[in-house]
Amino acid sequence: MDWVCQCAAVIPCFNEETQIARVVAAVRAHLPHVIVVDDGSTDATARAAAAAGARVVRHKENRGKGAALQTGWRTARECGLSWAIVVDGDGQHAAGDIPGFFRCAEMSGAKLVVGNRLGNSAGMPWVRRWVNRWMTRRLSRLTGQRIEDSQCGFRLVHLETLAQVQISTNHFEIESEMLVSFLAAGCAVEFVPVQVIYNSGGSKIHPVRDSVRWFRWWLAQGRRSHVKQASSGNRAGALPKKTAGVVS
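Residues numbered from 1 in each chain as written. Predicted model: local features only at pLDDT ≥ 70, side-chain atom pairs only at ≥ 80, totals over all residues. Heavy atoms only, no water.

## Digging into the packing of aromatic side chains
Here's step 1: One pass over the full model with this rule turns up three aromatic pairs.
Here's step 2: Centre to centre, the rings of Trp3 and Trp83 are 5.1 Å apart; their planes meet at 65°, and the pair counts as edge-to-face. Residue Trp3 is located in helix 1 (residues 3-6), and its partner Trp83 is located in strand 4 (residues 83-86); the two are separated by 80 residues in the primary sequence. The burial state of Trp3 is the same as that of Trp83; both residues are buried.
Here's step 3: For the pair Phe101 and Phe154, a centre-to-centre distance of 4.6 Å together with 45° between the ring planes defines the contact as tilted. Residue Phe101 is found in helix 5 (residues 98-108), and its partner Phe154 is found in the loop between helix 6 (126-143) and strand 6 (155-158); the two are separated by 53 residues along the sequence. Judged on exposure class, the residue Phe101 and its partner Phe154 are both buried.
Here's step 4: Grouping aromatic residues by their ring pairs yields a cluster made of Trp3, Trp83 and Phe102. (Phe/Tyr/Trp six-rings, centres within 6.5 Å; stacked < 30°, edge-to-face > 60°. Helix = DSSP H or I, 4+ residues; strand = E, 2+ residues; numbered from the N terminus. Buried < 20%, exposed > 50% of the residue type's maximum accessible area, 1.4 Å probe, protein only.)

Right under this line is the structure:
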């Protein structure tokens, strides 16, 4: 696979003028196609990203990380690219880890490769570590699959496969939705170890609002799962649906 020609980096960001140029420069050492989606920033994020060599797409107002990712993926497809690797704009993902995603996709054939911070999470603030582990356990139970890190936004995705699964959320719950949707579609998901980097900047996650959104999404998934199970049980001679495997 010629990743340089087939893959774009998609970087969603909001008010990251102090970090984005450094992030773009680091990513461009691995990929020439860098798409920054400025999600309604009120600072100089767009200008700094463009000066660093990124293609910048702007939302006039803040629409959420999920909406920014949808815009970035659509832009990558319009450019004729087959893959996208998502990198956060706040500098918490190490560009040096990017080749590991490519190797994993080539070796496994997986169409979604997710970074795993929880295997070596000592550098992660304890509250985030606890919340991430809790959410990961819940999603593992929901899907019936072993998920290693459900909330890491550092991930490589095959765009054609992505277009065939249901992705509808506009905020931070999109990380969870991607995993559930790929597994429900029978797609294997791989995980690769990535570095844990936390800078002094504050998180863009709102602890109350975004937690409520995630719980609403999660409860909706549980209701859908029960409906499907009941429907399968009502069909004469119905066999349990085989779940997709996760290679790790």
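Once the structure has been displayed, the description carries forward.
## Notes on the pattern of salt bridges
A side chain of one charge can pair with a side chain of the opposite charge if their charged atoms are brought near each other.
Here's step 1: Under the counting rule described, the total for this entry stands at five salt bridges.
Here's step 2: Asp38 is paired through a salt bridge with Arg58; the nearest N and O atoms lie 3.1 Å apart. Taken as a pair, Asp38 in strand 2 (residues 34-39) and Arg58 in strand 3 (residues 55-59) lie far apart in primary sequence, 20 residues in all.
Here's step 3: Note on Asp38: relative accessible area 0%, which makes it buried.
Here's step 4: We note a salt bridge from Arg117 to Asp149, for which the minimum N-O separation is 2.8 Å. A residue pair is termed long-range when its members are at least 10 positions apart, and Arg117 in the loop between strand 5 (112-116) and helix 6 and Asp149 in the loop between helix 6 and strand 6 qualify at 32 residues.
Here's step 5: Overall, Asp149 belongs to the buried group, its relative accessible area being 0%.
Here's step 6: Among the charged side chains, a network of salt bridges with common partners joins Lys65, Asp88 and Glu175. (Salt bridge = Lys/Arg side-chain N within 4 Å of Asp/Glu carboxyl O.)

## What to know about the packing of helix 4 (residues 65-78) against helix 8 (residues 174-184)
Here's step 1: Packing of helix 4 against helix 8 brings their axes to within 9 Å, and their N-to-C directions diverge by 60°. One way to sum up the angle between helix 4 and helix 8 is to call them oblique. Between helix 4, through Lys65, Gly66, Leu69 and Trp73, and helix 8, the contact on the second element is made entirely by Ile174, Glu175 and Met178. (Axes fitted to C-alpha atoms, helices over the stretch in contact; angles between N-to-C directions. Parallel < 35°, antiparallel > 145°, perpendicular 65-115°, else oblique. Contact = heavy atoms within 4.5 Å.)

## Brief notes about the pairing of strand 6
Here's step 1: Side chains Arg155 and Val157 of strand 6 all project onto a buried face; the interleaved residues Leu156 and His158 project onto the opposite face, where all are buried too.
Here's step 2: Summarising the sheet, strand 4 and strand 6 pair through four bridges and their orientation is antiparallel. Among the inter-strand pairings, Ala84 is bridged to a residue of strand 6, identified as Val157.
Here's step 3: Where strand 5 and strand 6 come together, three bridges link them in antiparallel fashion. What sits directly across from Val113, in strand 6, is Leu156. (Pairing = 2+ DSSP bridges.)

## Examining the environment of Ala76
Here's step 1: Note on placement: Ala76 falls in helix 4.
Here's step 2: Exposure remark for Ala76: the relative accessible area of 0% places this residue in the buried category.
Here's step 3: The spacing of Ala76 and Val10 is 66 residues in sequence and 8.0 Å in space, taken between C-alpha atoms.
Here's step 4: Filtering out sequence-adjacent residues up to four positions away, Ala76 remains in contact with Ala8, Ile35, Leu81 and Leu159.

## Describing helix 2 (residues 20-28)
Side chains that are three or four residues apart share a direction in an α-helix, a result of its 3.6 residues per turn.
Here's step 1: When helix 2 is considered as a whole, its buried residues turn out to be Ile20, Val23, Val24 and Val27. Buried residues of helix 2, seen end-on, are gathered within an arc of 95° and therefore sit on one face of the element.
Here's step 2: Against the buried residues of helix 2 lie strand 1 (7-13), strand 2, helix 3 (45-51) and helix 5. (Arc of directions from axis to C-beta.)

## Remarks on the confidence of the model for the protein chain
Here's step 1: Residue-level pLDDT values for the protein chain average 84, and 79% of them are 70 or greater.
Here's step 2: Contacts for the low-pLDDT stretch residues 229-248, under 50 throughout, to residues beyond four places or in other chains number 22 contacts. (pLDDT = per-residue confidence, 0-100.)

## Comments concerning the pairing of strand 4
Here's step 1: Burial along strand 4 is two-sided: Trp83 and Ile85 facing one way and Ala84 and Val86 facing the other are all buried.
Here's step 2: Bridging between strand 1 and strand 4 involves four bridges; their strand directions are parallel. Within strand 4, the position partnered with Ala9 by the bridge is Ile85.

## Comments concerning the nonpolar core
Here's step 1: Counting 62 residues, the largest nonpolar core has Trp73 and Leu156 as the members making the most contacts within it.
Here's step 2: Ignoring anything within four residues of it in the chain, the contact list for Trp73 reads Val10, Ala84, Val86, Val157, Leu159, Leu162, Ile174 and Met178. (Core = buried A, V, L, I, M, F, W, Y, C linked by side-chain atoms within 4.5 Å.)

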